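What the coordinates show
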Amino acid sequence: MDRIDLSLYLVTDRSLLAGKDFLETLEQALLGGVTVVQIREKTSDTAEFLQLAQESKTLCDRYEIPLIINDRIDIALAVNARGVHLGQSDMPIGIARRLMPAGSIIGISCNSLDEVRRARDAGADYIGLGAVWETQTKRLTKPPIGVRGLGVMLEALDGSDIKAVAIGGIKSTNLARLMHGSWSQTNHGLDGVAVVSDIVASPEPKKAAQILKSIFMACKTAV
Ligand code: TZP
Ligand code: MG
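Throughout what follows, the structure given in this document is the object of discussion. Worth saying up front: this structure is predicted, and the values here are computed from it rather than measured.

Calculation criteria
- Residues numbered from 1 in each chain as written.
- Chains lettered and ligands numbered in written order.
- Predicted model: local features only at pLDDT ≥ 70, side-chain atom pairs only at ≥ 80, totals over all residues.
- Buried ≥ 20, exposed ≤ 12 C-beta atoms within 10 Å, placed from the backbone.
- Helix = DSSP H or I, 4+ residues; strand = E, 2+ residues; numbered from the N terminus.
- Pairing = 2+ DSSP bridges.
- Right-handed = clockwise from strand over helix to strand, strands pointing away.
- Near = placed C-beta within 6 Å.
- Nonpolar A, V, L, I, M, F, W, Y, C, P; charged D, E, K, R; others polar.
- Axes fitted to C-alpha atoms, helices over the stretch in contact; angles between N-to-C directions.
- Contact = placed C-beta atoms within 7 Å.
- Core = buried A, V, L, I, M, F, W, Y, C linked by C-beta atoms within 7 Å.
- Parallel < 35°, antiparallel > 145°, perpendicular 65-115°, else oblique.
- Left-handed = near helix turned anticlockwise from the far one by under 90°.

Our focus in this paragraph is the pairing of strand 6 (residues 126-130). Consecutive residues of a regular strand have side chains that alternate between opposite faces of the sheet. Across the five residues of strand 6, five count as buried, placing the element largely inside the fold. By the alternation rule, side chains of strand 6 split into Tyr126, Gly128 and Gly130 and Ile127 and Leu129, which are all buried. Pairing analysis gives four bridges linking strand 5 (residues 105-110) to strand 6, with the strands arranged parallel. Its bridge partner lying in strand 6, glycine 107 is registered against tyrosine 126. In terms of handedness, the path from strand 5 via helix 5 (residues 113-122) over to strand 6 forms a crossover that is right-handed. Summarising the sheet, strand 6 and strand 7 (residues 163-167) pair through five bridges and their orientation is parallel. Directly across from leucine 129, in strand 7, lies its bridge partner alanine 166. With respect to chirality, the unit in which strand 6 leads through helix 6 (residues 146-155) into the neighbouring parallel strand 7 is right-handed.

What follows is the structure in C-alpha cells.
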C-alpha cells in the first residue's frame, strides 16, 4: 500500500460519546494528531452509516487524514474511502481486494498466530492485533492476548512488509508499557496503536489524542 501513517489510529464508536457531538469529537481528535480514522459503527441502518461516513470523509479530507470503513465495502466505495477494515468473519481479503479500487488499504483484525499467518499470506496491508487488554468497548469472544501474545504475533511478521497496530484497552496510562514490551521481543515492532474509548469517551478528545501520540512517538524513537 502507499505509505499511510498508522501511528495513532482512531476507531470511532458513537455509543461512547457521552453527549458529545460525533463530528466535533472527530475534529478534535484530528486536531490532536490522529493519523488515520476508522468508522466503526455497529448499525444495520445503511442510510445512517452512509451519512456518517460521508461527513467523516469530508472532515478527514480537510485534515488530509485517510479514512477507513469497518466491514462495509459498499460504504467504503460509496464515499471513496482509503480502505476497509475486515473482521475474521467479514469478506475475505482476496475478494475485498478485487472489489476495492487499486491501491486501497485492506486491514484485518487478528487474535491468534494462525489468523496472523493467514492474513499475511492473503496479502493484508495491515493487521489489527488484539485485544491486547480487556476492554469495555467490544465484547471479546477470546481472552486478551496481552503484551506477550502481541510480541509472538509480531514475530510472525518479521521479514514481511505488512503493518501492525495493537488494539484493545490501550490508554495513555498503559501505552508506554505496551510499547516497551512489544518492541523488546521482536524485530517487527508496532507501526501504530488503535484506540477507541481513550479518545472518543474523553471530555477532551484533542488532548487525549495529543498525549497518546506523544507517548507513541517517544517510545518509537527511543528504540
Ligand atoms: N477490536 C479489538 S478490541 C476493540 C476492537 C474494535 C475495542 C478497543 O476499544 P478500546 O476502547 O480502545 O479498548
Ligand atoms: Mg467486522
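Turning to the site of ligand 1, a few remarks are in order. Around ligand 1, 15 residues are found, and the nearest of them are Thr135, Thr137, Gly168, Val196 and Ser197. A breakdown of the residues in the shell around ligand 1 according to their chemical character gives six nonpolar, seven polar and two charged.

Once that is clear, we can look at the sheet that holds strand 7. The strand order 1-2-3-4-5-6-7-8 describes a closed barrel built from eight strands, whose pairing is parallel. For this sheet the average axis-to-axis angle between neighbouring strands, irrespective of direction, equals 25 degrees. The pairing of strand 2 (residues 36-39) with strand 3 (residues 67-70) spans three bridges and is parallel. The partner of valine 37 across the bridge, within strand 3, is leucine 67. Lying on the sheet, helix 2 (residues 46-62) is in contact with strand 2 and strand 3; it crosses strand 2 at an angle near 175 degrees. Set on the sheet, helix 9 (residues 205-221) makes contact with strand 1 (8-11) and strand 8 (192-195); between it and strand 1 the angle comes to about 145 degrees.

All right, on to unusual backbone geometry then. Glycine aside, residues mostly have negative phi angles, and peptide bonds mostly take the trans form. Following glycine 130, the chain continues into alanine 131 via a peptide bond in cis, with omega recorded as 0 degrees. Mapped onto the elements of the fold, alanine 131 is located in the loop between strand 6 and helix 6. One non-glycine residue, alanine 18, adopts positive backbone phi at about 50 degrees. Along the chain, the position of alanine 18 falls in the loop between strand 1 and helix 1 (22-31). On the basis of neighbour count, alanine 18 is assigned to the exposed category, with 10 C-beta atoms found within 10 Å. Although it is not a glycine, glutamate 64 sits at a positive phi angle of roughly 55 degrees.

What follows deals with the environment of isoleucine 162. Its place among the elements puts isoleucine 162 in the loop between helix 6 and strand 7. We classify isoleucine 162 as buried; it has 21 C-beta atoms within 10 Å. Isoleucine 162 sits 42 residues away from arginine 120 along the chain, and the two C-alpha atoms are 6.9 Å apart. When residues no more than four places from it in sequence are discounted, the contact partners of isoleucine 162 are Arg120, Ala124, Asp125, Tyr126, Ile127 and Leu157.

If you look at the biggest cluster of nonpolar residues, it comprises 71 residues, and the most contacted ones within it are Val37, Ile127, Val165, Ala166 and Val193. Among the elements that take part in this core, helix 9 stands out by supplying six residues, more than any other. The residues contacting valine 37, other than those within four sequence positions of it, are Leu10, Leu26, Ser56, Cys60, Ile65, Leu67 and Ile68.

What follows covers the packing of helix 1 against helix 2. Running from N to C, helix 1 and helix 2 cross one another at 30 degrees; their axes reach a closest spacing of 10 Å. Regarding the angle of helix 1 to helix 2, the classification is roughly parallel. Where helix 1 crosses over helix 2, the handedness of that crossing is right-handed. Where helix 1 approaches helix 2, its residues Leu23, Leu26, Glu27 and Leu30 are matched on the opposing element by Glu55, Ser56 and Leu59. When grouped by side-chain class, the residues that make up the contact of helix 1 with helix 2 number four nonpolar, one polar and two charged.

Nothing here speaks to function; it is geometry throughout.
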